[in-house]
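Reading the structure
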Amino acid sequence: MFLSKSLIPILKNIPSEAKIKSHQLMLRTGMIKQSSAGIYSWLPLGFKVMKKIESIVREEQDNIGVQEILMPTIQSSEIWKESGRYNDYGEEMLRIKDRQNREMLYGPTNEELVTEIFRNSIKSYKSLPQLVYHIQWKFRDELRPRFGVMRCREFYMKDAYSFDVDMDEAIYSYNKFFLSYLKTFKRLELSAIPMAADTGPIGGNLSHEFIIIAETGESKIYTDKKIFDVDYSETKISKDSLSSLRNKYDTFYAVTDEKFNKKEFDNKVIEENKLITKGIEVGHIFYFGDKYSKTMNASVDNKGKKEYVKMGSYGVGVSRLVAAIIEAKYDDKIELMKWPINIAPYHCVILPQINKNDKSNLEKSINIYNKLKSKNIDCIIDDTDETLSSKVKKFNLIGIPYQIIIGKNSGQNNFEFGGVGENLSVYNVEKIENIILEELKN
RNA sequence: CGGGGUGUAGCGCAGCCUGGUAGCGCAUCUGGUUUGGGACCAGAGGGUCGCAGGUUCAAAUCCUGCCACCCCGACCA
């Protein structure tokens, strides 16, 4: 990809409406464009990042055996009346009418719809558990959208649902997602803290929020540093192994502002392990039993007995994660961003120093580009005629993890190469390939 | 939804008080000089001043209404 031909509108000025660094950066680097309050278009750079996050989320769902489906964004009001939430959900639900004047809505979540699918499809306890997820746009008409895609009205979300024959099995499903989320956030290079949480309007009695640490986060959090030392790498997908993992986490003190109790904090956490910081909620899991299965009559035949299934739901804010990762990784003081390589919009940027009378550096760039491309390394070439220093500065902001500079210190097959914001060293193309491929493997 | 603020070129802003038909920086285009951490010079293009009414010889500027967006609070993936 040539920068000069890309739809990446880079701004030097910070748009005045953006107040937090992720929003500013996303606008400055042309990742998104606001369409109306809390509603955004995703331009190529932002969209590539979001798609890569999505695929990591997807892989980790697939790894615990969740089946992917796709439910519509527009739902009928009927099922919401059945569950009783058509009235309860309030103003946040976007209600619309079709041409027959039927009441429809843009889905803020999908418990009702998935329950309806389940009850029409699954009749026997032998078919349980059923674990399904989809990744789809949601709409919640926030009273006050803000902070770019962090708190917007239309957002992209992975939501999963579990159906089990009894509570014991349902908790097993819940714990699978618990582990899956730890792994997902780890792969995004985020330190996520699972916190026991309120269940809110979704309802139920067991819930964890997954919060990542970011100075600019919205909620203040109090926790024990030792929570980061819990090792889940050996955890197996079995009831015992998962429940012991859950227990390990649940013994640590970890709460947000509203649940903070100083006395309890002082008692449970020794002084040097106290961590008081801010965080962003990027995932939320709920167990809510038969709350929907009863009202919507979703049951199975359990050896002759009618059994309302026990359900849970599990969300990850995919579009929010794009901003959350920026909040966690972008240093706005030196204007430096570095995307983890597995979600970076490009793996590497090639920055040729270009002279009107001498395009040889551009030709070299294209050669390198093709060589790297043949190894599935995705590059972008800044082929504009700006000065080299301007290009470097610009790409420090965009955060593509590796840079190759083709300028006065380059040889025929040797180029300056390094991580964004780091010192560069001269390597040949083969070495550069190896370094990038090596990192991509991890 | 309560309180506050802002709408002038793609982005950042000045002009408004005191009415006379729009300007600066960045970005874009042309030419030239440059070229290693957001270069310089010269020139050019781009705006029915958020919308609708009103006052006036004349409205970005004054008045009325509406809309949009932002901030603080309440609420939330």
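1. Some words on the overall build of chain A
Tallying secondary structure elements over chain A gives 13 helices and 21 strands in all. For 442 residues, the compact-globule estimate of 2.2 N^0.38 gives 22 Å, and the C-alpha radius of gyration of chain A, at 24 Å, lies within 12% of that figure. Seen through its principal axes, chain A has C-alpha atoms that stretch 85 × 60 × 40 Å. Per-residue burial over chain A gives 42% buried out of 442 residues. For chain A, long-range pairs separated by at least 24 residues make up 71% of all intrachain contacts whose partners lie at least 6 apart in sequence.

2. Thoughts on the protein's contact with RNA strand B
Among the 43 residues in the neighbourhood of RNA strand B, the closest are listed as Asn13, Ser16, Ala37, Ser389 and Gly407. Going through the elements one at a time, strand S13 (274-289), strand S16 (310-317) and helix H12 (388-398) are the ones with two or more residues in the surface near RNA strand B. Counting residues per element, the surface near RNA strand B draws most heavily on H12, at eight residues. Of the residues contributing to the surface near RNA strand B, the split by class is 12 nonpolar, 16 polar and 15 charged.

3. Quick look at the domain arrangement of chain A
Accessible area lost upon the coming together of the parts is a frequently used measure of interface size. Taken domain by domain, chain A holds domain 1 (8-329) and domain 2 (348-441). In this structure, domain 1 and domain 2 have C-alpha centres spaced 38 Å apart.

4. Some remarks on the pairing of strand S1 (residues 32-36)
By the bridge criterion, four bridges tie S1 to strand S2 (residues 39-42) in an arrangement that is antiparallel. From the neighbouring strand, Gln34 faces S2, where its bridge partner is Tyr40. Turn length for the S1-S2 hairpin, with the two strands adjacent in sequence and antiparallel, is two residues, and the turn residue Gly38 shows positive phi of about 75°.

5. Structural notes on the environment of Gln412
Inspection of the secondary structure puts Gln412 in the loop between strand S19 (402-406) and strand S20 (414-419). Taking the C-alpha atoms as reference points, Gln412 and Asn361, 51 residues apart in sequence, are found 9.9 Å from one another.

6. Quick word on the sheet that holds strand S4 (residues 74-76)
Taken in spatial order, the three strands of this open sheet run S4-S6-S5, and their pairing is antiparallel. Edge positions in the open sheet fall to S4 and strand S5 (94-97), since each of these has one partner strand only. The mean inter-strand angle of the sheet, taken between neighbouring strand axes irrespective of direction, is 40°. In this structure, S4 lies alongside strand S6 (residues 103-106), joined through three bridges in antiparallel fashion. By the bridge assignment for S6, Ser76 is matched with Met104.

7. Some details on the nonpolar core
Counting 111 residues, the largest nonpolar core has Cys348 and Ile400 as its most contacted members. Per-element tally for this core: the top contributor is helix H6 (residues 167-187), with nine residues. Excluding residues within four positions of it along the chain, Cys348 makes contact with Leu372, Ile377, Cys379, Ile400, Tyr402, Ile404 and Ile436.

8. Examining the sheet that holds S20
Strand pairing in a sheet takes place through backbone hydrogen bonds and is either antiparallel or parallel in direction. Taking strand neighbours across the sheet as the criterion, the five strands line up as S18-S17-S19-S20-S21 in an open arrangement whose pairing is mixed. Each of the sheet's edge strands pairs with one partner strand only, and the pair in question is strand S18 (379-381) and strand S21 (425-428). Shown here is a sheet whose adjacent strand axes are inclined to one another by a mean of 30°, direction ignored. Both S19 and S20 contribute to a ladder of four bridges, which runs antiparallel. Each residue of the ladder has a partner; that of Tyr402, found in S20, is Gly419. Those strands touched by H12 are strand S17 (348-352) and S19, and its axis lies near 165° from that of S17. Relative to S21, helix H13 (residues 429-441) is tilted by about 100°, and along the sheet it contacts S17, S19, S20 and S21.

9. Focus on H12
Of all the residues in H12, the buried ones are Lys391, Lys394, Phe395 and Ile398. Looking straight down H12, one finds its buried side chains confined to an arc of 90°; they lie on one side. Contacts from the buried residues of H12 go to S17 and S19. Where H12 terminates, the next one or two residues include Gly399, which has phi positive at roughly 85°.

10. Looking at unusual backbone geometry
A cis amide bond links Leu128 to the next residue, Pro129, at an omega of 0°. Within the secondary structure layout, Pro129 lies in the loop between helix H5 (111-121) and strand S7 (130-139). Even without being glycine, Phe147 reaches a positive phi, approximately 60°. Tracing the chain through its elements places Phe147 in the loop between S7 and strand S8 (154-164). At Asn297, a position not held by glycine, the phi torsion is positive, near 55°. Considering the arrangement of structural elements, one finds Asn297 in the loop between helix H9 (291-295) and strand S14 (299-302).

11. Remarks on the confidence of the model for chain A
On average, residues of chain A score 94 in pLDDT, and 98% of them reach the 70 mark or higher. Mean pLDDT values for the elements of chain A range from 88 in strand S12 (residues 254-256) up to 98 in strand S3 (residues 67-68). Scored by ipTM, the complex comes to 0.94, with pTM at 0.96.

Cut-offs applied
Residues numbered from 1 in each chain as written. Chains lettered and ligands numbered in written order. Predicted model: local features only at pLDDT ≥ 70, side-chain atom pairs only at ≥ 80, totals over all residues. Helix = DSSP H or I, 4+ residues; strand = E, 2+ residues; numbered from the N terminus. Rg over C-alpha atoms; globule rule 2.2 N^0.38 Å. Buried ≥ 20, exposed ≤ 12 C-beta atoms within 10 Å, placed from the backbone. Contact = placed C-beta atoms within 7 Å. Near = placed C-beta within 6 Å. Nonpolar A, V, L, I, M, F, W, Y, C, P; charged D, E, K, R; others polar. Domains from an automatic or database assignment. Pairing = 2+ DSSP bridges. Axes fitted to C-alpha atoms, helices over the stretch in contact; angles between N-to-C directions. Core = buried A, V, L, I, M, F, W, Y, C linked by C-beta atoms within 7 Å. Arc of directions from axis to C-beta. pLDDT = per-residue confidence, 0-100.

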